[in-house]
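# Analysis of the macromolecular model
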Amino acid sequence: MRWWFVLGLVLVNCWQWGNAQEEEPYRLVPGDVLNIIVLNDQSLSGEQVIGPDGFIRLPLVGAIKAAGLTLDELTEKLQQALGRFIRRPRITVTLKQFPASVRRVYVLGEVKNPGAYQIPPGITPTIFDAVALAGGFTDNADLTQIRVFQRDGQSARFNLREFQTDSAFINPGDLVWVPPAFVKVSIVGAVEKGGIYPVPVHGTLLDALAAAGGVKDPSATVRIFRTGTELLSVPWAELVNGSVPPVKLQEGDTILVSVPTISGVVVAGAVARPGTYDLKGNITVLGALALAGASVEPGRPLQVRVLRQGQEVLKVLWQETSAPIKELSQNLQPGDVVLVEPMVLKATLVGPVRKPGSYLLPLGSTVVDLLAKGEEILPNADLAGAYLLRKGESKPIDLLSLLWESEMEMNLELQDGDVLLIPATRKVWVAGAVLRPGAIDYQPRMTVVDAISAAGGPISLDISDLSQVKIVSGNEVKVVNLEDAFKGGSLQSYPLKPGDVVLVPERAKAYIYGAVLKPGAVRLQEGDTVLTALSNAGGPIADARLDEARLIRFVNGSAIVMKLDLGKALSRGDLSQAPVMQPGDVLYIPPRRRSQWDITRVIGITTSLATAIYYLSRTR
């Protein structure tokens, strides 16, 4: 068995576990069922169950600790243990079933319980399945603008009102974003009725003010605050005349309509009841906060700012564990504006990092701060193809330039709700009997013939078995015949997807020695018998002892010797003397010129020869 087949097995194993590694390396636990293949040694191969003590037990090496290891770590450990008995052992270790822990999708946005969810085994999930895992849609979900961001960096938009349940499929690692139909903004000051109002996502500032009953004083100034920063300050008259560029409102924005003659105190921002509160005697900052329903949650401090005649007169940090009583006990004056702003934001990191997930970060955190929460970027991350998802819109971010070339313009400041998505590298793998096996950059509309050609093409039409090319795509394996395509005949298109593995096998070989015209290895086609192999070796020579032929076949590492009378097979058509050959079989035909030939000598020589071939093939 040649080295390329080992490479093919390893590549398939790596692909099957690509999703797991892109999220976090799966570590084995007691009860996991493993499939262990020791190449060319069936006695050491087979299924192993990790016992309650965390060990598996193999012949030759005994007990091996497996629990807590990754598949790669266990493979390396087995190679070291078996290396004391077998020269350069070639081993692959896989889980018998795809573990549920890596069948994960992310569901964010307007769902009742946003987060990461495992897909139940045995189903190909749809968007509806993913949303169901997240508790269903909220009342504010916009079902016409669902976005699916795939783990390979692609994205798609769906209108679920036009789709049937089985029409919008997703894959493990995908992120489903359910956008809001409305955003909630606080409107306070000189309006008919201040409060929190839902505004259509694509609504305007005028739409928001209309929801609050309109502006009461034409001399008012309209100001917008977002995450502690004044985004806009414009006279109402200019806004009405249309001389101000449109502003897209976001969740949590505060709109303050201020006039010089406000008799009360305005409280806006992260409070339950924003609005204008009339002064009746003295009122402190803390009293105004209490009237507006402000409260501090564990781990989410607030910043309280007081603006007086356009100037900031107070800024304090209010945490659950320490309230600045002295500062919050100060008296307010008519016209003061109290802004309550969160000091932390929640951002999500998705893709091939060691610890993906959602994290609370201080206000002002950047992309690099979020990456640090993931601890380690895995090797298959496509850093140049990352993008930031903000309010359903995506912005490309070249993390490769940011991390390796210090292009700091890519280090964007984060906002609450941001999602940083890092796709996996877009590759396909070609292994086996090709000139340059390995990873190939995926190209749009790439076919299996394109991939094999990019890998240098088959070694030769005699060596490469193009009739049995395997395409491994997810949990599916397709066998295709490409002989006509590479001989200039008809070409059927077999499209590939990123992550697919193409295996080009060698034609199977058997061995014929002794009294034949061309002793050595012969190629096998499916169904070839001993007589076919004999013909491929040039046929017997004149003094061949056809009635004393021996076929040696290894089963579970032991040599089985079969005596064949090829004379009967040739002269009488006795097919019982001409069995179908299998890869690795050795056929020996003794010559007549040895007068003292006996059955013991035949068995001894042929078994020794077959054993040598068998063990040489294991160490190549």
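### Here's the deal with the overall build of the protein
A count of helical and extended segments in the protein gives 15 helices and 35 strands. A buried classification covers 47% of the 620 residues belonging to the protein. Taking contacts inside the protein between residues at least 6 apart in sequence as the whole, the part at least 24 apart equals 58%. Within the structure as shown, the protein displays about 30000 Å² of accessible surface, and the carbon and sulfur contribution to it stands at 52%.

### Details of the nonpolar core
In this structure, Ile187, Leu205, Leu209, Val222, Leu249, Ile255 and Val257 are the most contacted members of the largest nonpolar core, which totals 25 residues. Among the secondary structure elements, those contributing two or more residues to this core are β11 (182–189), β12 (195–200), α5 (205–211), β13 (221–226), β14 (229–235), α6 (236–241) and β15 (254–258). Sequence-distant contacts of Leu205, that is, excluding residues within four places in its chain, are made with Val222, Ile224, Leu232, Leu239, Val247, Leu249 and Ile255. In terms of nonpolar packing, the next biggest core, distinct from the first, is built from 22 residues, Val38, Leu74, Leu78 and Leu95 among them.

### What to know about the sheet that holds strand β5 (residues 91–95)
Read across the open sheet, the 3 strands follow the order β2-β1-β5; overall the sheet is antiparallel. At either margin of the open sheet sits one strand with a lone partner, and together these are β2 (46–49) and β5. Averaged over neighbouring strand pairs, the angle between their axes works out to 30° when direction is ignored. As paired elements, strand β1 (residues 33–38) and β2 share 4 bridges and run antiparallel to each other. Within the sheet, the bridge partner assigned to Leu34 lies in β2 and is Gln48. Here helix α3 (residues 71–82) sits on the sheet and contacts β1 and β5; the angle it forms with β5, its principal contact strand, is near 145°.

### Observations regarding a nonpolar patch on the surface
A cluster of nonpolar side chains, namely Val368, Leu400, Leu403 and Trp404, defines an oily patch on the protein surface of about 400 Å² accessible area. The leading source of residues in the nonpolar patch is helix α10 (residues 399–405), at 3 residues. Summarising the element assignment, Leu403 is placed in helix α10. A relative accessible area of 36% places Leu403 in the partly exposed class.

### Details of the pattern of salt bridges
In a structure, side chains of opposite charge can pair up when their charged atoms sit close to one another. This structure, assessed with the given rule, holds 11 salt bridges. Note that Arg354 is salt-bridged to Glu376, the shortest N-O span being 2.6 Å. You can see Arg354 sitting in the loop between β21 (344–350) and β22 (357–362) and its partner Glu376 sitting in the loop between α9 (367–373) and β23 (386–390), a full 22 residues away along the chain. Notably, a salt bridge pairs Arg550 with Glu548, separated by 3.2 Å at the nearest N-O pair. Owing to a relative accessible area of 1%, Arg550 belongs among the buried residues under this scheme. Owing to a relative accessible area of 14%, Glu548 belongs among the buried residues under this scheme.

### As for the sheet that holds strand β8 (residues 146–149)
Pairing is mixed across the open sheet formed by 5 strands, whose spatial order is β7-β6-β10-β8-β9. What marks the edges here is a single partner per strand, and that holds for β7 (115–118) and β9 (155–158). Adjacent strand axes in the sheet meet at a mean angle of 20° when their direction is disregarded. The sheet contact formed by β8 and β9 spans 4 bridges and is antiparallel. Following the sheet pairing, Ile146 is matched in β9 by Phe158.

### Some thoughts on the pairing of β22
Looking at chain direction, β21 and β22 are connected through 6 bridges and run antiparallel. Each residue of the ladder has a partner; that of Leu345, found in β22, is Leu361. Linkage of β21 to β22, two consecutive antiparallel strands, is achieved through a turn of 6 residues, within which Gly351 is found at a positive phi near 130°.

### What to know about α3
Count 3.6 residues to each turn of an α-helix, and residues three or four apart come out pointing the same way. With 12 residues, α3 should reach 16 Å at 1.5 Å per residue; the first-to-last C-alpha distance of 16 Å fits that figure. Buried residues of α3: Leu71, Leu74, Thr75, Leu78, Ala81 and Leu82, and no others. Looking down the long axis of α3, one finds its buried residues gathered within 130° of arc, a one-sided arrangement. Considering only its buried residues, α3 is in contact with β1, β3 (55–58), β4 (62–65) and β5.

### Quick notes on the side chain of Arg553
Within the fold, Arg553 resides in strand β33 (residues 549–555). On the basis of relative accessible area, Arg553 is assigned to the buried category, the value being 15%.

### Overview of unusual backbone geometry
Even without being a glycine, Glu375 presents a positive backbone phi close to 70°. Checked against the element boundaries, Glu375 lands in the loop between α9 and β23.

### Notes on the confidence of the model for the protein
On average, residues of the protein score 79 in pLDDT, and 84% of them are at 70 or above. Taken together, the stretch residues 1–24 has pLDDT below 50 and engages in 72 contacts with residues farther than four places along the chain or on a different chain.

About the cut-offs
Residues numbered from 1 in each chain as written. Predicted model: local features only at pLDDT ≥ 70, side-chain atom pairs only at ≥ 80, totals over all residues. Heavy atoms only, no water. Helix = DSSP H or I, 4+ residues; strand = E, 2+ residues; numbered from the N terminus. Buried < 20%, exposed > 50% of the residue type's maximum accessible area, 1.4 Å probe, protein only. Contact = heavy atoms within 4.5 Å. Areas by Shrake-Rupley, 256 points an atom, 1.4 Å probe, with all protein chains shown as cover. Core = buried A, V, L, I, M, F, W, Y, C linked by side-chain atoms within 4.5 Å. Pairing = 2+ DSSP bridges. Axes fitted to C-alpha atoms, helices over the stretch in contact; angles between N-to-C directions. Patch = residues over 30% accessible without salt bridge, like charges linked within 9 Å, V, L, I, M, F, W, Y side chains within 5 Å. Salt bridge = Lys/Arg side-chain N within 4 Å of Asp/Glu carboxyl O. Expected span 1.5 Å × (residues − 1). Arc of directions from axis to C-beta. pLDDT = per-residue confidence, 0-100.

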